[in-house]
Amino acid sequence: MEEKLDYKGFWDWFLTKEKDFYTIVEQRDQQAIEKDFFDSIALKLSQINEGYYFLTGMRDDSTAELILTADGEIRNVVFIEELIEAAPQLDHWKFTALKPAQDIEKVNVTMGDYHFTKENIFFYSNEQEEYPDEIDLVFVYDGNAENKDAITTGVCIFLDNFLGELNFATQIDTFAVVGKDQAQKELVPIEKLKDFLSWREREFTEKYKSIKRADIEEKFSILRATLNNERPLIACMNLPLLSYDAKASYPWISVLKFHYNGENNDGLPEKEDFEKLGDIEDKVIEDLKEKEYLYIGRETADNAKECYFAGKDFREISKVFKEIKDSNPKYKISFRIFKDKYWQYFKYYNNAV
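Cut-offs and rules
- Residues numbered from 1 in each chain as written.
- Predicted model: local features only at pLDDT ≥ 70, side-chain atom pairs only at ≥ 80, totals over all residues.
- Heavy atoms only, no water.
- Salt bridge = Lys/Arg side-chain N within 4 Å of Asp/Glu carboxyl O.
- Helix = DSSP H or I, 4+ residues; strand = E, 2+ residues; numbered from the N terminus.
- Buried < 20%, exposed > 50% of the residue type's maximum accessible area, 1.4 Å probe, protein only.
- Pairing = 2+ DSSP bridges.
- Contact = heavy atoms within 4.5 Å.
- Axes fitted to C-alpha atoms, helices over the stretch in contact; angles between N-to-C directions.
- Parallel < 35°, antiparallel > 145°, perpendicular 65-115°, else oblique.
- Nonpolar A, V, L, I, M, F, W, Y, C, P; charged D, E, K, R; others polar.
- Core = buried A, V, L, I, M, F, W, Y, C linked by side-chain atoms within 4.5 Å.
- Bend = angle between axes of the 7 residues up to and from the residue.
- Polar contact = N/O pair within 3.5 Å; in protein donor to acceptor, adjacent residues only side chain to side chain.
- Phe/Tyr/Trp six-rings, centres within 6.5 Å; stacked < 30°, edge-to-face > 60°.

Caption draft 1: Focus on the pattern of salt bridges. This structure, assessed with the given rule, holds 31 salt bridges. Across the pair lysine 185 and glutamate 127 runs a salt bridge whose closest N-O atoms are separated by 3.4 Å. Of the two residues, lysine 185 is situated in the loop between strand 8 (174-179) and strand 9 (188-189) and glutamate 127 in the loop between strand 6 (121-126) and strand 7 (136-141); the sequence distance between them amounts to 58 residues. Residue class for lysine 185 comes out partly exposed when judged on its relative accessible area of 36%. With a shortest N-O distance of 3.4 Å, lysine 330 and aspartate 273 are connected by a salt bridge. Placement of lysine 330 in the loop between helix 8 (315-327) and strand 15 (332-339) and of aspartate 273 in helix 7 (residues 271-288) is noted, with a sequence separation of 57 residues between them. Assessed through its relative accessible area of 11%, aspartate 273 is described here as buried. What you see here is one network of salt bridges that share partners, running through Glu50, Glu73, Arg75 and Lys325.

Caption draft 2: Expanded view of the sheet that holds strand 9. The four strands are arranged 8-7-6-9 in an open sheet whose pairing can be described as mixed. Single-partner strands in this sheet number two, and they are strand 8 and strand 9. As paired strands, strand 6 and strand 7 are joined by six bridges and run antiparallel to one another. From the neighbouring strand, phenylalanine 122 faces strand 7, where its bridge partner is valine 140. Sheet strands in contact with helix 4 (residues 148-163) are strand 6, strand 7 and strand 8, and its direction is about 125° off that of strand 8.

Caption draft 3: Just the packing of helix 1 (residues 7-26) against helix 2 (residues 30-45), in detail. Running from amino to carboxyl end, helix 1 crosses helix 2 at an angle of 170°, the nearest separation of the two axes being 10 Å. In terms of axis orientation, helix 1 runs roughly antiparallel to helix 2. In this structure, helix 1 contributes Phe10, Trp13, Phe14, Phe21, Ile24 and Val25 to the contact, and helix 2 contributes Ala32, Ile33, Asp36, Phe37, Ser40, Ile41, Lys44 and Leu45. When grouped by side-chain class, the residues that make up the contact of helix 1 with helix 2 number 11 nonpolar, one polar and two charged.

Caption draft 4: Spotlight on the nonpolar core. The biggest cluster of nonpolar side chains holds 57 residues, and the ones touching the most others in it are Phe10, Phe14, Phe37, Ile41 and Trp93. Core analysis: the second largest hydrophobic core is formed by 25 residues, Ile104, Tyr114, Tyr141 and Phe158 among them.

Caption draft 5: Main features of the sheet that holds strand 15. The six strands lie next to each other as 10-11-13-14-12-15, forming an open sheet whose pairing is antiparallel. Looking at strand neighbours, the two that pair on one side only are strand 10 (220-226) and strand 15, the edges of this open sheet. Neighbour-to-neighbour, the strand axes of this sheet turn through a mean angle of 15°, independent of strand direction. Bridge count between strand 11 (residues 232-238) and strand 13 (residues 293-301): five bridges; the pairing is antiparallel. By the bridge assignment for strand 13, isoleucine 234 is matched with threonine 300. Relative to the sheet, helix 7 contacts strand 12 (252-259), strand 13 and strand 14 (304-311), its axis offset from that of strand 14 by approximately 10°. Its contacts with the sheet place helix 8 against strand 12, strand 13, strand 14 and strand 15, and it is angled at close to 170° to strand 15.

Caption draft 6: Expanded view of the environment of phenylalanine 196. Locating phenylalanine 196 in the fold gives a position in helix 6 (residues 193-208). Sequence spacing of phenylalanine 196 and aspartate 103 is 93 residues, and the spatial spacing of their C-alpha atoms is 16 Å. Discounting residues that sit within four places of it in the chain, phenylalanine 196 has contacts with Phe123, Ser125, Ile135 and Leu137.

Caption draft 7: Examining helix 2 more closely. Most pronounced at phenylalanine 38, the bend in helix 2 amounts to some 35°. When helix 2 is considered as a whole, its buried residues turn out to be Ala32, Ile33, Phe37, Phe38, Ile41 and Leu45. Buried residues along helix 2 sit against helix 1, strand 1 (53-60), strand 2 (63-69), helix 3 (77-85) and strand 3 (93-97). Taking the backbone nitrogen of glutamine 31 as reference, a side-chain oxygen 3.1 Å away marks aspartate 29 as the first, capping residue of helix 2.

Caption draft 8: Region of interest: the packing of aromatic side chains. One pass over the structure, following the stated rule, counts 36 aromatic pairs. Each ring, one from phenylalanine 14 and one from phenylalanine 95, has its centre 5.5 Å from the other, and the planes form 85°; the classification is edge-to-face. Residue phenylalanine 14 is found in helix 1, and its partner phenylalanine 95 is found in strand 3; the two are separated by 81 residues along the sequence. For the pair formed by phenylalanine 14 and phenylalanine 95, the shared burial category is buried. Summarising the aromatic geometry, the rings of phenylalanine 220 and tyrosine 295 are spaced 5.4 Å apart at their centres and angled 35° between planes, so their arrangement reads as tilted. Of this pair, phenylalanine 220 sits in strand 10 while tyrosine 295 sits in strand 13, placing them 75 residues apart in sequence. Taking relative accessible area as the criterion, phenylalanine 220 reaches 30% and is therefore assigned partly exposed.

Caption draft 9: Focus on the environment of isoleucine 190. You can see isoleucine 190 is positioned in the loop between strand 9 and helix 6. Discounting residues that sit within four places of it in the chain, isoleucine 190 has contacts with Ile104, Lys118, Ile121, Phe122, Phe123, Phe139, Phe158, Leu159 and Phe162.

Okay, here's the thing in structure tokens:
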């Protein structure tokens, strides 16, 4: 089994190599950076957690910078922040958690024949009557927009650098990228995006600042359905919670998924797995009980069990889920966290409320 490493262990190891790593970065040889620096730290970081990515370069003539990034995966943000927080102070190094926001004048993305600058990217906002807190944006590329994948990728890289990785991942709920001929509203210069998002965030915070933990009776209902493969699905959902009128104050949905062998029970767990998985789920609920998370319910079907939570933040639950995953090697366990202000992920159950 691969040796586990903690944050201090990683930085203790890094200190034994930092002079060599600094020389590699200072020489700006990309092949050497990839082979002799990135490959080395990737191996060590994999012993802490999956999902670490990195960038490096000379911040100035005497300071190398190492930026750890989650590559847009929100569940890994807290582990990057914690690792950087544990970093030592070194004269010739700067360690940065997540790609920082840049001055728009310095953001210039080139992909083949495509160029993305503040001169050719615009935006406008769609207001949704049914979902008034949703930040739904359309980004407009003024150029050859025939290759939709290319312009979408280019705009996303531009925004990642302009807004900063964390802001891009958390401040926009949904977005689309279109060519100028497809725009349906007046175009707003992209340099005004930060001010727009800050305004919407202040508006949202003001609206929900007085709302405390959802004080709703826990009333779980058992629901049954049949999958397309004719196997049964059994759900246990807190239906009154799905009618909560301030869902947007708990915008982060977390899904913890367990895989088990239920082939002898039509995809449902055998008694031993049923009890063990129930104990694990109870522990998660208990660990999150006093924090800003709500337990919504669970689904069990087709050799998998999913448990659902809603939260005001995504950091603490990432740590709880990772601990559960690491301490229960018998089961293949995965989790994902995403923003869903109106809990549309559970709209299937709306008719049952």
